Structures are given as C-alpha cells and as structure tokens.
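Tertiary structure, described
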Amino acid sequence: MNPALEAAFRSWSFAPLPMLTLALATFFYWRGWRQLHRQIPHRFPRWRLVAFLTGMASLFLAIASPLDAFAGMLLQVHMIQHLLLMMVAPPLLLLGAPWLPLLCGLPRRFVRDGRGPFLVWPALKNFGHRLTHPVVGGIAFIAASLLWHLPPLYELALRSRSWHEVEHACFLGSALLFWWPV
C-alpha cells in the first residue's frame, strides 16, 4: 500500500468523549425525529433528518478524520477543518430543527423529571432569547475566530489536545449562535 495512503488511514482519531457525544446526539435526534415525523410529517420531513445527519458527518470529518491529524502541519487542512466546524456543520445541524427531536428522543423520565421543569423556567427562556440575538452571535463568532488565531492561543491549541478540543467547541458553539437567526 502507498505509504501516504497508509498514513492517512492510520490518522483517524476516535477520542471517546467526542465520539460518544456525536453518537448519542445522532441517536437521540433520530429517535425523536422518527416520532415527530409520524405525528407531524409536514414539520419534520426527511430533508431535516438528512440535513442533521450531514451536519453530524461534517463534525465527524472535522474532528476524527485525517484532517485533524494533518491540521497542525498544513495550513490548508487546518482551514478546511475550521470551515467544516464553523461554516458547514452548524447551518446543516440547525436546518435539522434539532431541539424538539432531541428532546423527544431523550428518555421520557429524563425530560419530565430533569430537563422539563428547567426548560420552561422564565429566566432561562429570557437568557436564551438574548443569547440567540444576531448581534450576540456575530460578536461570539468573530471573537472566537480572532482570539483562537492569536499566536499564544493558536500555539496552545497545537501543543495541547484538550485545548484543541476546547478551541473546536468554541468554534462550533459560536458558529451555532451565529447561524441561529439565519
């Protein structure tokens, strides 16, 4: 086998926490979407499921594929990874209208006893409305992009796997806020 191809195959990374998070989010979304699709198919058509799953696949490619392994060596790969995290995955995930399917996909007891009362709390609703305001999303998106590309933080993310994951979480979180109003 070609040595470059062999190196690429060995460069896949399956870190337990990110992989478990992706797998659980995908499972709970699919489970909730299936239920909602049966009840209200006009609000949850198949294209929403496809959009969400494509967004999850984009996240998987960004954090587990050889893109992640080679991002520290090649600027092009580094930027492709960040584009997947900030410009491809978030709009696809949000096109899937994820909140209701995720809630419906979680175990009923967990939602009823744990999350349900918390989600209807007026202070949390107010905070959510403020957090998803376009100005807040724009500022968060720009701040995450600029701050993580300052030399000290950039080098920290290159040296430390855990800080690299924090960087990716910041990129994804700020991009979700940015794309939310769209």
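Residues numbered from 1 in each chain as written. Predicted model: local features only at pLDDT ≥ 70, side-chain atom pairs only at ≥ 80, totals over all residues. Heavy atoms only, no water.

This brings us to empty space enclosed by the protein. Counting across every chain of the model gives 1 cavity of 30 Å³ or more. Here the largest cavity is characterised by a volume of approximately 40 Å³. As for the largest cavity, its lining consists of Ala71, Gly72, His78, Tyr154, Ala157, Leu158, His164 and Glu167. Looking at the lining of the largest cavity, the elements that each hand over two or more residues are helix H10 (151–159) and helix H11 (161–179). With 3 residues, H10 is the single largest residue contributor to the lining of the largest cavity. Residue composition of the lining of the largest cavity, grouped by class: 4 nonpolar, 3 polar and 1 charged. (1 Å grid on protein atoms, 1.4 Å probe; cavity = no way out; pocket = protein on both sides within 12 Å on 5 of 7 lines; lining within 4 Å. Points joined across faces, edges and corners; volume = space filled by probe spheres on them. Helix = DSSP H or I, 4+ residues; strand = E, 2+ residues; numbered from the N terminus. Nonpolar A, V, L, I, M, F, W, Y, C, P; charged D, E, K, R; others polar.)

Here we take up the packing of aromatic side chains. Under the criterion given, the structure shown has 7 aromatic pairs. Relative to Trp179, the ring of Phe178 lies with its centre 5.5 Å away and its plane at 90 degrees, an arrangement referred to as edge-to-face. Clustering of aromatic rings is evident, with ring pairs tying together Phe27, Phe28 and Trp30. Directly above the ring of Trp30 sits Arg34, whose terminal nitrogen or CZ lies 4.3 Å from the centroid. (Phe/Tyr/Trp six-rings, centres within 6.5 Å; stacked < 30°, edge-to-face > 60°. Lys NZ or Arg CZ within 6 Å of the ring centre and 35° of its normal.)

This next bit is on the packing of helix H5 (residues 75–95) against H11. Two elements in contact, H5 and H11, have axes separated by 9 Å at closest approach and are oriented at 45 degrees. On the basis of the axis angle, H5 is oblique to H11. Helix-helix and strand crossings are classified by hand; for H5 and H11 the assignment is right-handed. In this structure, H5 uses Gln81, His82, Leu85, Met86, Met87, Pro90, Pro91 and Leu94 to contact H11, whose residues at the interface are His164, Glu167, His168, Phe171, Leu172, Ser174, Ala175, Leu176 and Trp179. (Axes fitted to C-alpha atoms, helices over the stretch in contact; angles between N-to-C directions. Parallel < 35°, antiparallel > 145°, perpendicular 65-115°, else oblique. Left-handed = near helix turned anticlockwise from the far one by under 90°. Contact = heavy atoms within 4.5 Å.)

It is worth stressing that arrangement in space is one thing and function is another; only the former is reported here.
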